Amino acid sequence: MDRLKRYKKGLWAERVAVGLLRLKGYSILERRFQTGAGLGCSEIDIIARRGDVIVFVEVKSRRSVNEGLFAVTPTGRTRLRRAAEVWMARNGRGFNARFDVIVVSGWRVKHFKNYL
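Residues numbered from 1 in each chain as written. Predicted model: local features only at pLDDT ≥ 70, side-chain atom pairs only at ≥ 80, totals over all residues. Heavy atoms only, no water.

Participant: How should the pattern of salt bridges be read in this particular structure?
Facilitator: A side chain of one charge can pair with a side chain of the opposite charge when the charged atoms of the two come close. In total, this model carries 5 salt bridges according to the counting rule given. With a shortest N-O distance of 3.8 Å, Arg31 and Glu14 are connected by a salt bridge. With Arg31 in strand β1 (residues 27-34) and Glu14 in helix α1 (residues 2-23), this residue pair connects regions lying 17 residues apart in the sequence. A residue is classified by how much of its surface remains accessible, and Arg31, at 38% relative accessible area, is partly exposed. On the accessibility criterion, Glu14 (4% relative accessible area) is buried. Glu58 is the partner of Lys60 in a salt bridge, and the nearest nitrogen-oxygen pair spans 3.3 Å. Taken as a pair, Lys60 and Glu58 share a single burial class, namely buried. In this structure, a network of salt bridges that share partners links the residues Glu14, Arg31, Arg32 and Glu43. (Salt bridge = Lys/Arg side-chain N within 4 Å of Asp/Glu carboxyl O. Helix = DSSP H or I, 4+ residues; strand = E, 2+ residues; numbered from the N terminus. Buried < 20%, exposed > 50% of the residue type's maximum accessible area, 1.4 Å probe, protein only.)

Participant: For this particular structure, what's the right way to read the nonpolar core?
Facilitator: Among soluble globular proteins, nonpolar side chains are generally buried collectively. In terms of nonpolar packing, the biggest core is built from 17 residues, with Ile44, Ile47, Phe56 and Trp87 touching the most fellow members. Of all the secondary structure elements, the ones that give two or more residues to this core are β2 (43-50), β3 (53-61), α2 (65-70), α3 (74-91) and β4 (96-105). Among the elements that take part in this core, α3 stands out by supplying 5 residues, more than any other. Core analysis: the next-biggest nonpolar cluster, separate from the first, contains 14 residues, Ala13, Val18, Tyr26 and Val55 among them. (Core = buried A, V, L, I, M, F, W, Y, C linked by side-chain atoms within 4.5 Å.)

Participant: Sorry if this is basic, but what is going on with a positive patch on the surface here?
Facilitator: On the surface, a cluster of positive charge is contributed by Lys5, Lys9, Arg62 and Arg63. With respect to the element layout, Lys9 can be found in helix α1. (Patch = residues over 30% accessible without salt bridge, like charges linked within 9 Å, V, L, I, M, F, W, Y side chains within 5 Å. Areas by Shrake-Rupley, 256 points an atom, 1.4 Å probe, with all protein chains shown as cover. Lys, Arg positive; Asp, Glu negative; His and termini not counted. Charge placed at Lys NZ, Arg CZ, Asp CG, Glu CD.)

Participant: Please clarify how the side chain of Glu58 should be interpreted in this entry.
Facilitator: Secondary-structure assignment places Glu58 in strand β3. You can call Glu58 buried: its relative accessible area is 15%. Here the side chain of Glu58 touches Lys60 through a polar contact of 3.3 Å, side chain to side chain. Filtering out sequence-adjacent residues up to four positions away, Glu58 remains in contact with Asp45, Val72, Leu80, Asp100, Val101 and Ile102. (Polar contact = N/O pair within 3.5 Å; in protein donor to acceptor, adjacent residues only side chain to side chain. Contact = heavy atoms within 4.5 Å.)

Participant: Could you clarify how one ought to interpret the side chain of Ser61 in this entry?
Facilitator: Residue placement: Ser61 occurs in strand β3. Judged by relative accessible area, which is 13%, Ser61 ranks as buried. When neighbours within four sequence positions are excluded, Ser61 is seen to be in contact with Lys9, Ala13 and Val104.

Participant: Looking at this model, I keep getting lost on α3. Mind explaining?
Facilitator: The α-helix winds at 3.6 residues per turn, so residues separated by three or four positions along the chain end up facing the same way. Compared with an ideal rise of 1.5 Å per residue, which puts 18 residues at 26 Å, α3 spans 25 Å between its outermost C-alpha atoms and is within 8% of the ideal. When α3 is considered as a whole, its buried residues turn out to be Leu80, Ala83, Ala84, Trp87 and Met88. Taken down its axis, α3 places every buried residue within 140° of arc, on the same side. Those residues of α3 that are exposed and angled more than 90 degrees off the buried face are Pro74, Thr75, Arg82 and Glu85. Each element contacted by the buried residues of α3 is listed here: β1, β2, β3 and β4. (Expected span 1.5 Å × (residues − 1). Arc of directions from axis to C-beta.)

Pasting the structure below:
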């Protein structure tokens, strides 16, 4: 049951992050983009666009903002970058890329631009 609860909490945090990005003027291009199946599978929580910048967003839901930032591990960063390379090769020619983190902690939401 804990796994289902965490999954639902993560979905809620992603919806909050999408709302925040839309309020800031971003267009949401994709949610939960996956590069493939198996052990090499990587997922990007949100892919957004604002102007000529494509933003790859990692969303974390934790008890504190610091816990959320520490949850973005080096392995996770590498996977996110690889998945972003796949997406950019397919869709993003002519755009700049940026990696952001949004941490949802209770009702507190913090957006960290260019975090990775």
